[in-house]
Every structure is written in structure tokens, then in C-alpha cells.
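Single-letter residue listing:
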Amino acid sequence: MEELKRTIKEKGKIVGTEIIKVDSFLNHQVDVELMDKIGIEFANKFRDKNITKVITIESSGIAPATMTAFHLKVPLLILKKSTSRILNDNTLQTKVHSFTKNIDYELTVSKEYIKEDDRILFIDDFLANGAAALGAKQLIDMKKAELIGIGIVIEKSFQDGRKKLEDGGLDVYSLARISKIENGEICFKD
Ligand code: G4P
């Protein structure tokens, strides 16, 4: 998506060799017109897949996932990050390790919001190591629903998230794929 790539180049701030801060349009302040276009792009890509629900993880996935769900006219489900294990009959949890932030959290959802016949599209802001998406898949699998596709706004292709997801048979569609960060410049794949 050319407009997204342009915005990343113009407004993204490189931190070290692996992190791009996108606080001015995605992670802190949100460019809602760009989010709308992102939502249309994901919706068009997955429109013929009979998606019944869009799922994301709090917090930065919410903006692009909201617009995608809006354009697909399906509900949005936001998975929560909990610091502790909740033991009750209504909740499903799985542990996720974020390599980027070096923290563990319990990805949490109420059982009632994922049904066996759900066909789910997972949307997130970044794909780095794939742990978040794989955690979401585990929760979806626990309810025997189906993860139909994964939509990513910014993929860091120099990390192994895509490979892990594709090795698991998942369909990954990324709007901007960063191949490397070199000499202070963000380089895209293609
Ligand atoms: P993974 O989901 O692909 O496994 O990646 P990993 O655990 O390594 O990193 C997950 C968290 O780090 C996510 O935030 C993700 O958005 C963020 N992240 C990874 N790489 C970058 C980057 O280059 N730039 C920015 N800005 N963020 C990055 P999170 O823990 O889900 O927090 P939130 O921001 O959604 O609340």
C-alpha cells in the first residue's frame, strides 16, 4: 500500500536497527483517514472469505481492526492482555511472550465471544516474531473456530514472524513489508 509506505518513510522514527516508532499516525496519535483506507484494503482482500468476526489485541491493533470490521460489517473482538492467570469457567487464556518487549502476558478472552462456526480475520499493527498472532490462534483453536487470515499493517520481514505463521498454514497479508533498516533508512520488500 503505497500511501502507507510513504507515511512510514516520512513519519516513522528509527530506534536502533530493528524498531520503528510510528506514534504520530498509528500507535499513539492515529491518522483516521489512513486507518480507513487500511480498513478498506483488508476488507477488500478478505471480502469473499465469509469472515464473521475481526479479532485484534489491545491496544495498537484496535484502530486498523476497527476500520476493517466496519468495512466488512462484522463485529470486532479485542483480546485483552492480563498480567495474571484468571481461573474461571468463562475465560480462555494463553501465555504470550513478546520478544520485542521481553515480557509475558496472558492473552485473554471471554468464551462467549468466539463461537465454533466463527470464521476469523486477525488484524494487528506489527508483525515481528509472530507470537501475538500465534497466541490468538491458540484461543481460536480452543473454541474450534477457524482463523481464515491474518492482516498486518507493518511487517518486519527481517524477523521470523511471517515464516512461523506460514509454516502453520496461515494466510498472511501485510500492507507494508520492511526488509531492512540500514544507514538510517527504511527499506521495503518488492
Ligand atoms: P510479535 O507479536 O510479532 O511476536 O512481536 P513481539 O511480541 O516481538 O512484539 C510485540 C509488541 O511489540 C507489539 O506491541 C508490537 O506492536 C510491538 N512492536 C514490535 N516491533 C515494533 C516496532 O518496530 N515498532 C513499534 N512501534 N512496535 C513494535 P504490544 O505489546 O502488542 O503493545 P501495543 O503497542 O499494541 O499496546
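Residues numbered from 1 in each chain as written. Predicted model: local features only at pLDDT ≥ 70, side-chain atom pairs only at ≥ 80, totals over all residues. Heavy atoms only, no water.

Can you walk me through the pattern of salt bridges in this structure?
Note that side chains of opposite charge can pair when their charged atoms are close. Applying the stated criterion across every chain, the model contains 15 salt bridges. The residue E185 makes a salt bridge to K9 at a minimum N-O spacing of 3.1 Å. Note that E185 is positioned in strand β10 (residues 185-188) and K9 in helix α1 (residues 2-11), a separation of 176 residues in sequence. Exposure remark for E185: the relative accessible area of 44% places this residue in the partly exposed category. You can call K9 partly exposed: its relative accessible area is 42%. Close ionic contact of E182 with K180 constitutes a salt bridge, the shortest N to O distance being 3.4 Å. (Salt bridge = Lys/Arg side-chain N within 4 Å of Asp/Glu carboxyl O. Helix = DSSP H or I, 4+ residues; strand = E, 2+ residues; numbered from the N terminus. Buried < 20%, exposed > 50% of the residue type's maximum accessible area, 1.4 Å probe, protein only.)

I'm lost on the packing of aromatic side chains in this one. Help?
The relation between two aromatic rings is expressed through the spacing of the ring centres and the mutual angle of the planes. A complete count under the given rule lists two aromatic pairs for this structure. Seen in terms of ring centroids, F42 and Y173 are 6.2 Å apart; in terms of plane orientation they differ by 80°. Their pairing is edge-to-face. Here the residue F42 occupies a position in helix α3 (residues 32-46), and Y173 occupies one in strand β9 (residues 172-182), the gap between them amounting to 131 residues. The buried category is assigned to F42, whose relative accessible area is 0%. Between F46 and Y173, the aromatic rings sit 6.4 Å apart at their centres with planes inclined by 75°, giving edge-to-face as the arrangement. Taken as a pair, F46 in helix α3 and Y173 in strand β9 lie far apart in primary sequence, 127 residues in all. Residue class for F46 comes out buried when judged on its relative accessible area of 1%. Joined through ring pairs, the aromatic side chains of F42, F46 and Y173 make up one cluster. Over the face of the ring belonging to F70 we find K73, whose NZ or CZ atom lies 5.8 Å from the ring centre. Across the ring face of Y105, the terminal group of K81 is positioned such that the distance to the ring centre comes to 5.3 Å. (Phe/Tyr/Trp six-rings, centres within 6.5 Å; stacked < 30°, edge-to-face > 60°. Lys NZ or Arg CZ within 6 Å of the ring centre and 35° of its normal.)

Even after reading the chapter, I still don't get the packing of α3 against helix α4 (residues 62-72), so can you show me in this structure?
Two quantities define a packed helix pair, namely the angle between the axes and the distance from one axis to the other. Two elements in contact, α3 and α4, have axes whose closest approach is 7 Å; the angle formed by their N-to-C orientations is 55°. On the basis of the axis angle, α3 is oblique to α4. Remark: the crossing between α3 and α4 carries right-handed chirality. On α4, the residues that touch M35, D36, I38, G39, I40, F42 and A43 of α3 are A63, P64, M67, T68, H71 and L72. (Axes fitted to C-alpha atoms, helices over the stretch in contact; angles between N-to-C directions. Parallel < 35°, antiparallel > 145°, perpendicular 65-115°, else oblique. Left-handed = near helix turned anticlockwise from the far one by under 90°. Contact = heavy atoms within 4.5 Å.)

Is there a simple way to think about the nonpolar core in this case?
Taken as a class, soluble globular proteins show a tendency for nonpolar side chains to be buried jointly. Membership of the largest hydrophobic core comes to 31 residues, with the highest contact counts inside it found for L4, I8, I38 and V54. Secondary-structure elements contributing two or more residues to this core are α1, α2 (23-27), α3, α4, β7 (119-127), β8 (146-156), β9 and β10. Among the elements that line this core, the one with the most residues is α3, at six residues. Each residue touching I8, except ones within four places of it in the same chain, is listed here: F25, I154, A176, I186 and F188. Judged by nonpolar contacts, the second largest core, of 24 residues, contains I55, L79, F122 and A145. (Core = buried A, V, L, I, M, F, W, Y, C linked by side-chain atoms within 4.5 Å.)

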